[in-house]
Amino acid sequence: MRQALYEAAQAASAGDVPVGAVVLGPDGAPLATGHNEREATGDPTAHAEVLALRRAAAVFGGWRLTGCTLVVTLEPCTMCAGALVQSRIRRVVYGARDEKAGAAGSLWDVLRDRRLNHRPEVVHGVLEDACAAQLTAFFRER
Ligand SMILES: [Zn+2]
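Residues numbered from 1 in each chain as written. Predicted model: local features only at pLDDT ≥ 70, side-chain atom pairs only at ≥ 80, totals over all residues. Heavy atoms only, no water.

(A) Highlighting the nonpolar core. Judged by nonpolar contacts, the single largest core of 34 residues is most densely connected at Val23, Leu65, Leu70, Leu84, Ile89 and Leu111. For this core, the secondary structure elements donating two or more residues are helix H1 (2-13), strand S1 (20-24), helix H3 (48-60), strand S3 (69-74), helix H4 (78-87), strand S4 (91-96) and helix H5 (128-141). Ranked by residues supplied to this core, first place goes to H3 with five residues. (Core = buried A, V, L, I, M, F, W, Y, C linked by side-chain atoms within 4.5 Å. Buried < 20%, exposed > 50% of the residue type's maximum accessible area, 1.4 Å probe, protein only. Helix = DSSP H or I, 4+ residues; strand = E, 2+ residues; numbered from the N terminus.)

Right, dumping it as C-alpha coordinates:
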(Lines give C-alpha, C1' and ligand atoms only; values in the text may rest on other atoms or scores of the structure.)
Protein backbone atom coordinates (compact mmCIF):
# COMPACT_ATOMS: atom_id res chain seq x y z
CA MET A 1 0.00 0.00 0.00
CA ARG A 2 2.95 2.33 0.61
CA GLN A 3 3.96 1.83 -3.04
CA ALA A 4 0.36 2.55 -4.11
CA LEU A 5 0.43 5.76 -2.04
CA TYR A 6 3.65 6.75 -3.80
CA GLU A 7 1.99 6.08 -7.18
CA ALA A 8 -1.01 8.17 -6.12
CA ALA A 9 1.30 11.10 -5.34
CA GLN A 10 2.56 10.91 -8.95
CA ALA A 11 -1.01 11.40 -10.14
CA ALA A 12 -1.50 14.45 -7.96
CA SER A 13 1.67 16.08 -9.28
CA ALA A 14 0.11 15.92 -12.78
CA GLY A 15 -3.20 17.40 -11.60
CA ASP A 16 -5.00 14.05 -11.45
CA VAL A 17 -6.95 12.84 -8.44
CA PRO A 18 -4.39 10.92 -6.36
CA VAL A 19 -5.22 7.24 -6.75
CA GLY A 20 -2.45 4.67 -7.09
CA ALA A 21 -2.41 0.93 -7.65
CA VAL A 22 0.07 -1.95 -7.59
CA VAL A 23 -0.44 -5.48 -8.92
CA LEU A 24 1.43 -8.21 -7.06
CA GLY A 25 2.19 -11.58 -8.62
CA PRO A 26 1.28 -14.90 -6.97
CA ASP A 27 4.64 -14.78 -5.15
CA GLY A 28 3.86 -11.30 -3.75
CA ALA A 29 6.43 -9.49 -5.91
CA PRO A 30 5.24 -6.29 -7.65
CA LEU A 31 4.37 -6.86 -11.33
CA ALA A 32 3.13 -3.43 -12.35
CA THR A 33 1.93 -0.10 -11.04
CA GLY A 34 -0.48 2.57 -12.19
CA HIS A 35 -1.87 5.91 -11.14
CA ASN A 36 -4.83 7.94 -12.28
CA GLU A 37 -3.96 9.59 -15.63
CA ARG A 38 -7.30 10.95 -16.78
CA GLU A 39 -6.16 14.57 -16.88
CA ALA A 40 -2.68 13.68 -18.14
CA THR A 41 -3.97 11.59 -21.07
CA GLY A 42 -7.54 12.80 -21.62
CA ASP A 43 -8.66 9.16 -21.38
CA PRO A 44 -11.80 8.63 -19.29
CA THR A 45 -10.78 5.01 -18.60
CA ALA A 46 -7.26 5.86 -17.39
CA HIS A 47 -7.91 4.91 -13.77
CA ALA A 48 -5.02 3.57 -11.68
CA GLU A 49 -6.47 0.06 -11.51
CA VAL A 50 -7.10 -0.29 -15.27
CA LEU A 51 -3.60 0.93 -16.14
CA ALA A 52 -1.99 -1.36 -13.55
CA LEU A 53 -4.03 -4.36 -14.79
CA ARG A 54 -3.02 -3.73 -18.41
CA ARG A 55 0.66 -3.46 -17.50
CA ALA A 56 0.51 -6.49 -15.21
CA ALA A 57 -1.10 -8.61 -17.94
CA ALA A 58 1.67 -7.61 -20.36
CA VAL A 59 4.30 -8.72 -17.83
CA PHE A 60 2.41 -11.78 -16.60
CA GLY A 61 1.88 -13.09 -20.11
CA GLY A 62 -1.87 -13.01 -20.53
CA TRP A 63 -5.13 -11.43 -19.43
CA ARG A 64 -5.85 -13.97 -16.67
CA LEU A 65 -4.13 -12.64 -13.57
CA THR A 66 -4.71 -15.87 -11.68
CA GLY A 67 -3.27 -15.76 -8.18
CA CYS A 68 -2.45 -12.05 -8.38
CA THR A 69 -3.43 -9.25 -5.98
CA LEU A 70 -4.27 -5.63 -6.78
CA VAL A 71 -3.61 -3.03 -4.09
CA VAL A 72 -5.22 0.40 -4.56
CA THR A 73 -5.48 3.49 -2.38
CA LEU A 74 -9.19 4.13 -3.07
CA GLU A 75 -12.12 1.73 -3.33
CA PRO A 76 -12.57 0.75 -7.01
CA CYS A 77 -15.39 2.32 -9.08
CA THR A 78 -17.84 0.23 -11.13
CA MET A 79 -15.59 0.29 -14.22
CA CYS A 80 -12.52 -0.87 -12.30
CA ALA A 81 -14.46 -3.45 -10.31
CA GLY A 82 -15.71 -4.84 -13.63
CA ALA A 83 -12.16 -4.90 -15.02
CA LEU A 84 -10.94 -6.66 -11.87
CA VAL A 85 -13.59 -9.37 -12.23
CA GLN A 86 -12.62 -9.75 -15.91
CA SER A 87 -8.95 -10.17 -14.99
CA ARG A 88 -9.76 -13.11 -12.67
CA ILE A 89 -7.57 -11.51 -10.04
CA ARG A 90 -7.48 -13.39 -6.73
CA ARG A 91 -7.51 -10.55 -4.22
CA VAL A 92 -8.26 -6.82 -4.12
CA VAL A 93 -6.91 -4.71 -1.27
CA TYR A 94 -7.97 -1.08 -0.89
CA GLY A 95 -7.39 1.74 1.55
CA ALA A 96 -10.01 4.48 1.65
CA ARG A 97 -13.70 3.85 1.12
CA ASP A 98 -15.53 5.79 -1.60
CA GLU A 99 -19.03 6.37 -0.29
CA LYS A 100 -20.03 8.25 -3.46
CA ALA A 101 -18.86 5.83 -6.14
CA GLY A 102 -17.32 2.74 -4.53
CA ALA A 103 -18.15 -0.62 -6.09
CA ALA A 104 -16.41 -2.85 -3.56
CA GLY A 105 -18.77 -2.58 -0.62
CA SER A 106 -19.81 1.07 -0.29
CA LEU A 107 -22.36 1.99 -2.96
CA TRP A 108 -22.25 -1.33 -4.86
CA ASP A 109 -20.43 -4.60 -4.28
CA VAL A 110 -19.57 -5.72 -7.81
CA LEU A 111 -16.53 -7.67 -6.61
CA ARG A 112 -18.59 -9.96 -4.38
CA ASP A 113 -21.75 -10.15 -6.47
CA ARG A 114 -22.82 -13.80 -6.35
CA ARG A 115 -24.31 -13.53 -9.84
CA LEU A 116 -20.82 -13.19 -11.34
CA ASN A 117 -18.69 -16.24 -12.06
CA HIS A 118 -15.54 -14.81 -10.50
CA ARG A 119 -15.39 -13.13 -7.11
CA PRO A 120 -12.04 -11.93 -5.78
CA GLU A 121 -11.34 -11.79 -2.08
CA VAL A 122 -11.69 -8.19 -0.82
CA VAL A 123 -9.63 -6.64 1.97
CA HIS A 124 -10.31 -3.02 2.88
CA GLY A 125 -9.11 -0.41 5.36
CA VAL A 126 -5.37 -0.97 4.80
CA LEU A 127 -3.62 2.33 5.68
CA GLU A 128 -7.10 3.82 5.33
CA ASP A 129 -6.27 7.08 7.14
CA ALA A 130 -3.19 7.78 5.00
CA CYS A 131 -5.10 7.01 1.78
CA ALA A 132 -8.04 9.21 2.78
CA ALA A 133 -5.76 12.04 3.94
CA GLN A 134 -3.99 12.13 0.57
CA LEU A 135 -7.31 12.59 -1.23
CA THR A 136 -8.60 15.16 1.26
CA ALA A 137 -5.40 17.20 0.93
CA PHE A 138 -5.69 17.17 -2.89
CA PHE A 139 -9.28 18.39 -2.91
CA ARG A 140 -8.61 21.00 -0.23
CA GLU A 141 -5.89 22.53 -2.45
CA ARG A 142 -8.32 22.82 -5.38
ZN1 LIG B 1 -12.06 3.24 -11.45
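Next comes the rest of the account.
(B) Structural detail: the sheet that holds S4. Pairing is mixed in the open sheet, where five strands are placed in the order S2-S1-S3-S4-S5. Two strands in the sheet have a free side with no partner beyond their single neighbour: strand S2 (30-35) and strand S5 (121-124). Here the average twist between neighbouring strands, direction ignored, is 15°. As paired strands, S3 and S4 are joined by five bridges and run parallel to one another. Its bridge partner being in S4, Val72 is matched across the sheet by Tyr94. (Pairing = 2+ DSSP bridges. Axes fitted to C-alpha atoms, helices over the stretch in contact; angles between N-to-C directions.)

(C) Quick look at the coordination of the zinc ion. Distances from the zinc ion to its protein donors, His47 (ND1), Cys77 (SG) and Cys80 (SG), fall within 2.0 to 2.3 Å. All donors to the zinc ion come from one chain, and their sequence spacing reads H-x29-C-x2-C. Residue class for Cys77 comes out buried when judged on its relative accessible area of 17%. Using a relative accessible area of 0% as the deciding quantity, one classes Cys80 as buried. (Donors = N, O, S within 2.8 Å, 3.2 Å for Na, K, Ca; no water.)

(D) Geometry of the packing of aromatic side chains. Under the defined criterion, the tally for this structure stands at one aromatic pair. An angle of 80° between the planes, with centres 5.3 Å apart, marks the rings of Phe138 and Phe139 as edge-to-face. Overall, Phe138 belongs to the buried group, its relative accessible area being 9%. Looking at Phe139, the relative accessible area reads 46%, which means it is partly exposed. (Phe/Tyr/Trp six-rings, centres within 6.5 Å; stacked < 30°, edge-to-face > 60°.)

(E) Quick look at the environment of Gln86. Checked against the element boundaries, Gln86 lands in helix H4. In the structure, Gln86 is positioned 50 residues away from Thr136 in sequence and 31 Å away in space, judged by C-alpha atoms.

(F) Molecular detail of the pattern of salt bridges. This structure, assessed with the given rule, holds five salt bridges. Of the charged contacts in the structure, one is a salt bridge between Glu99 and Arg97, with a shortest N-O distance of 2.9 Å. Ionic pairing is found between Asp113 and Arg115, a salt bridge with its closest N-O pair at 2.7 Å. For Arg115, a relative accessible area of 75% puts it in the exposed group. (Salt bridge = Lys/Arg side-chain N within 4 Å of Asp/Glu carboxyl O.)

(G) Geometry of the side chain of His35. Relative to the assigned elements, His35 resides in strand S2. Residue classification places His35 among the buried residues on the basis of a relative accessible area of 17%. A polar contact of 2.7 Å, which involves the side chain of His35, links it to the side chain of Glu7. The contacts of His35, once residues within four sequence positions are left out, are Glu7, Ala8, Gln10, Ala11, Val19, Gly20, Ala46, Ala48 and Leu51. (Polar contact = N/O pair within 3.5 Å; in protein donor to acceptor, adjacent residues only side chain to side chain. Contact = heavy atoms within 4.5 Å.)

(H) Examining the environment of Leu111 more closely. Relative to the elements of secondary structure, Leu111 occurs in the loop between S4 and S5. Taking the relative accessible area as the measure of exposure, Leu111 reaches 0% and is therefore buried. Sequence separation between Leu111 and Pro76 is 35 residues, and the spatial gap between their C-alpha atoms is 9.3 Å. The residues touching Leu111, leaving out its near neighbours within four places in the chain, are Ala81, Leu84, Val85, Val92, Ala103, Ala104, His118, Arg119, Pro120 and Val122.

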